Amino acid sequence: MHAEERGWTKRVASWSLWAAGVLVSTGLTGWAVAALHYDFPGERWREVLPVIYLVLLALALWKTEAWIARFGACVTGFLLVLTWWLTLEPSNTRQWQADVAQTPWAEIDGGRVTIHNMRDCSYRAEFDYTCEWKTRTVELAKIDGADLFITYWGSPWIAHPIVSFTVAGEEPIAMSIETRKEVGETYSAVRGFFRYYELIYIISNERDVVRLRTNYRTGEEVYLFHTKTPAKIAQGVFLDYLRRANELRNKPEWYNALTDNCTTNVAGHFRDVEPKGARILPSWDWREMLNGKADEMLYANGDLATGGLPFAELKERAHINAAARAANDAPDFSERVRAARPGFTSDR
C-alpha cells in the first residue's frame, strides 16, 4: 500500500471514529436532558435543570480542545444523571386517577382463585366514569381459552393488546397491562421511556376495558382474535398474570415503553408456561417491539384461529367497534362482539 493510500485510510478511520463519538455523545446528552426534564421532582426544577446541564456541558466542551476529552465530558455528565435516575423508586402510594386507584390481587387456593379489586367502571364519557372494585371467585378448571383484543390509536405499527380469558359458562376475565397515572397526568409515548409512570395490571370485564376503547375514546380501533391456546396453557398464563399482579401490589415497578410494557409482559407470561420442548411464541420477533404487527406474527406462527381465511380478510372481520357500540352496556356484551366472527365457531 502506498503512503498516500495509508494516509487516506487513517483519515477515514479517524473521521469515522469522530463521527461515532459525536453520534454517541448526542444520544447520551439527549437522554440525560430528557431524564431531567421528565423525571426530576418538582415542576420548576424540570424546566431549569436541563438548561443548567446544557450550559455546564457547553462550558466543559469549550474549555477542552481534544475530541476525546469532549467525549469524556459528555459521558461523565450522562453517568452522573444515570446514577441519580437509577435511585428513583416506584410507589403504590400516590394520588392516583380514579380508574387506577386500586391494584388487583388474588388468593390462589388450589383450583380456586379469588380476585380482589377487579375493576368495573361505568362510563358516561371517556373521562366521566364511576368505578367499582369487585371480588370474583373462579374455578381454574373453567378457564378454557384466551382471546386477544388489539387496539390501534394512530400508527399501524403500535398497538395495545388485552388478553381476555374465557371462562366456561361465565363472563370472560380481561387483563390489560397499562401505565398507572396520577391525577393530572396524561399518557405520553416519550415519557414512557423514562421513570414517569408505574406499571399496573388492570383485571376487569370486557364491558369496561374494551368498551372504553370502542365506545368512548375517539380514534381507537379494536380487533378481536381467538387464539388456539389450549385450556391448560390458558390456565397457566392466567395464574402467571395473577402472580405478577400480586408482586406489583407488594413491590411496584416502573413502566418502560421499551422493556417493561404491555406487550413484553404478555409475551413473557406465555413463554413462562411453555411446556418443555414446545414453543408457544418465537424466541424473539421484531413484531413484539412494533406490536401493531403482532397479529401478523401470531397468524404466521399458527397461533390464531382463522376460520381458514387469509390474514387480510381475518383482520377485516375481526374489527369490533360497530358491534361493541351496538352492544353498549348489554349484559351479553362479550357474546355479541364475538358473534359470527371467524375463529369463534366450530369451523375454527
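Our subject in this report is the structure included herewith.

Quick notes on the rules
Note that residues are indexed from 1 along each chain, following the sequence as it is written. Where local features are concerned, this predicted model is filtered to residues with pLDDT of at least 70; where side-chain atom pairs are given and counted, the filter is 80 or more; whole-chain, interface and lining totals use all residues. The side-chain values count all of the structure's non-hydrogen atoms but skip hydrogen atoms and water molecules. Only a pair of cysteine sulfur atoms within 2.5 Å counts as a disulfide in this structure description. Only DSSP runs of H or I reaching four residues or more are called helices, and only runs of E reaching two or more are called strands; each is numbered from the N terminus. Three exposure classes are used, based on accessible area relative to the maximum for each residue type with a 1.4 Å probe and protein chains only: buried under 20%, partly exposed in between, and exposed over 50%. Take the residue count of a helix, subtract one, and multiply by 1.5 Å to get its expected span. Joining through side-chain atoms within 4.5 Å is the link that ties buried Ala, Val, Leu, Ile, Met, Phe, Trp, Tyr and Cys residues into a set, and such a set is a nonpolar core. By definition, residues are in contact when any of their heavy atoms lie within 4.5 Å. To obtain each axis, a line is fitted to C-alpha atoms, and for helices this fit is confined to the stretch in contact; angles are then taken between N-to-C directions over 0 to 180 degrees. Orientation categories follow fixed angle ranges, with anything under 35 degrees roughly parallel, anything over 145 roughly antiparallel, 65 to 115 roughly perpendicular, and all other angles oblique. In this scheme the crossing of two helices becomes right-handed for a clockwise turn of the near helix relative to the far one and left-handed for an anticlockwise turn of less than a right angle. Amino acids outside the nonpolar list (Ala, Val, Leu, Ile, Met, Phe, Trp, Tyr, Cys, Pro) and the charged list (Asp, Glu, Lys, Arg) are all regarded as polar, and Gly is one of them. What counts as a salt bridge is simple: a side-chain nitrogen of Lys or Arg found within 4 Å of a carboxyl oxygen of Asp or Glu. Neither His nor the chain ends is counted toward charge; the positive residues are Lys and Arg and the negative residues Asp and Glu. In protein, a polar contact means a hydrogen-donor-capable atom and an acceptor-capable atom, both N or O and within 3.5 Å, with residues adjacent in sequence counting only if both atoms are side-chain atoms; elsewhere, any N or O pair within 3.5 Å suffices. Stacked, tilted and edge-to-face are the three classes applied to pairs of Phe, Tyr and Trp rings, where Trp contributes its six-membered ring and a pair requires centres within 6.5 Å; stacked means planes under 30 degrees apart, edge-to-face means over 60, and tilted covers the rest. Geometrically, a charge over a ring is one whose NZ (Lys) or CZ (Arg) sits within 6 Å of the ring centre while staying within 35 degrees of the ring normal. Two strands are said to pair when DSSP picks up at least two bridges between them. The patches reported here contain residues having more than 30% relative accessible area and no salt bridge. Joining distances are 9 Å for like charges and 5 Å for nonpolar side chains (Val, Leu, Ile, Met, Phe, Trp, Tyr). Values of accessible area rely on a 1.4 Å probe in the Shrake-Rupley scheme; residue burial ignores everything except the protein chains shown.

## Focus on the state of the cysteines
And step 1. Enumeration over the complete set of coordinates arrives at one disulfide.
And step 2. The partner cysteine of Cys 121 in its disulfide is Cys 131, sulfur to sulfur 2.0 Å. Across the disulfide from Cys 121 to Cys 131, rotation about the S-S bond amounts to roughly 90 degrees, and the bridge is consequently right-handed. Taken together, the residues Cys 121 in strand S2 (residues 112-125) and Cys 131 in strand S3 (residues 128-139) connect sequence positions ten residues apart. Cys 131 matches Cys 121 in its accessibility class, with the two residues each being buried.
And step 3. For Cys 262, which is in no disulfide, the shortest distance to another cysteine sulfur is to Cys 121 and amounts to 19 Å.

## Here's the deal with helix H6 (residues 231-250)
And step 1. Compared with the 28 Å implied by 1.5 Å per residue over 20 residues, the 29 Å span of H6 between its first and last C-alpha is a close match.
And step 2. H6 sits mainly inside the fold: 14 of its 20 residues count as buried.

## Section: the nonpolar core
And step 1. Membership of the largest hydrophobic core comes to 45 residues, with the highest contact counts inside it found for Ile 115, Phe 165, Ile 173, Phe 238 and Tyr 241.
And step 2. Of all the elements, H6 adds the most residues to this core, at nine residues.
And step 3. The residues contacting Phe 238, other than those within four sequence positions of it, are Val 113, Ile 115, Val 138, Leu 140, Ile 143, Phe 165, Ile 173 and Met 175.

## Observations regarding the packing of helix H2 (residues 43-63) against helix H3 (residues 67-85)
If you want to describe how two helices pack, look at the angle between their axes and the distance between the axes.
And step 1. Taken N-terminus to C-terminus, the directions of H2 and H3 make an angle of 155 degrees; their axes are 9 Å apart at the nearest point. Considering the angle they form, H2 stands roughly antiparallel to H3. The interaxial crossing formed by H2 with H3 has right-handed handedness. Residues Tyr 53, Leu 57, Ala 60 and Leu 61 of H2 pack against Arg 70, Ala 73, Cys 74, Gly 77, Phe 78 and Val 81 of H3.
And step 2. When its residues are assigned to classes, the contact of H2 with H3 shows eight nonpolar, one polar and one charged.

## Concerning the pattern of salt bridges
Two side chains that carry opposite charge are able to pair once their charged atoms sit near each other.
And step 1. Overall, the coordinates contain 22 salt bridges when judged by the stated rule.
And step 2. Here Glu 170 makes a salt bridge to Arg 136, at a shortest N to O gap of 3.2 Å. With a gap of 34 residues between them, Glu 170 in strand S6 (residues 170-180) and Arg 136 in strand S3 connect regions that are remote in the sequence.
And step 3. Residue classification places Arg 136 among the buried residues on the basis of a relative accessible area of 15%.
And step 4. One salt bridge connects Asp 295 with Lys 315, and the closest N-O pair in it is separated by 2.8 Å.

## Description of the side chain of Arg 211
And step 1. Mapped onto the elements of the fold, Arg 211 is located in helix H5 (residues 211-216).
And step 2. For the buried residue Arg 211, which engages in no salt bridge, the nearest side chain bearing the opposite charge is Asp 329, 5.2 Å off.
And step 3. A distance of 3.3 Å separates the side chain of Arg 211 from the side chain of Tyr 216, its partner in a polar contact.
And step 4. Other than its neighbours up to four places away in sequence, Arg 211 contacts Cys 121, Tyr 123, Glu 206, Tyr 216, Asn 328, Asp 329 and Phe 333.

## Quick look at the side chain of Arg 207
And step 1. Counting through the fold element by element, Arg 207 comes out in helix H4 (residues 206-209).
And step 2. Setting aside residues no more than four positions away along its own chain, Arg 207 makes contact with Glu 171, Leu 212, Asp 329, Ala 330, Pro 331 and Phe 333.

## What about the packing of aromatic side chains?
And step 1. A complete count under the given rule lists 15 aromatic pairs for this structure.
And step 2. Their ring planes at 40 degrees and their centres at 5.5 Å tell us that Tyr 38 and Phe 194 sit as a pair that is tilted. On the criterion of sequence distance, the pair formed by Tyr 38 in helix H1 (residues 3-39) and Phe 194 in the loop between S6 and strand S7 (198-204) is long-range, its members being 156 residues apart. Here Tyr 38 and Phe 194 have matching classes, each one buried.
And step 3. Taken together, a centroid distance of 5.3 Å and an interplanar angle of 35 degrees make the contact between Phe 40 and Trp 84 tilted. Of the two residues, Phe 40 sits in the loop between H1 and H2 while Trp 84 sits in helix H3, which places them 44 residues apart along the sequence.
And step 4. Here Phe 40 falls in the partly exposed class, since its relative accessible area comes to 21%.
And step 5. Over the ring of Trp 85 we find Arg 195, and its NZ or CZ is 4.5 Å from the ring centre.
And step 6. In this structure, Lys 293 is placed above the aromatic ring of Trp 157, and the distance from its NZ or CZ to the ring centre is 4.8 Å.

## Some remarks on the pairing of S3
And step 1. In this structure, S2 lies alongside S3, joined through eleven bridges in antiparallel fashion. Note on S3: the bridge partner recorded for Cys 121 is Cys 131.
And step 2. Between S2 and S3, which pair antiparallel in sequence order, lie two residues.

## Overview of the pairing of strand S8 (residues 221-226)
And step 1. The element S8 is extensively covered by neighbouring structure, given that five of its six residues are classed as buried.
And step 2. Inspection of the sheet shows strand S4 (residues 143-152) paired to S8 by six bridges, in the antiparallel sense. If you follow Thr 151 over to S8, its bridge partner there is Val 222.

## Description of a nonpolar patch on the surface
And step 1. A cluster of nonpolar side chains, contributed by Trp 153, Trp 157, Ile 158, Phe 193, Leu 258, Trp 284, Trp 286, Met 289 and Leu 290, occupies part of the molecular surface with about 920 Å² of accessible area.
And step 2. Take Met 289: it is sitting in the loop between helix H7 (262-272) and helix H8 (294-300).

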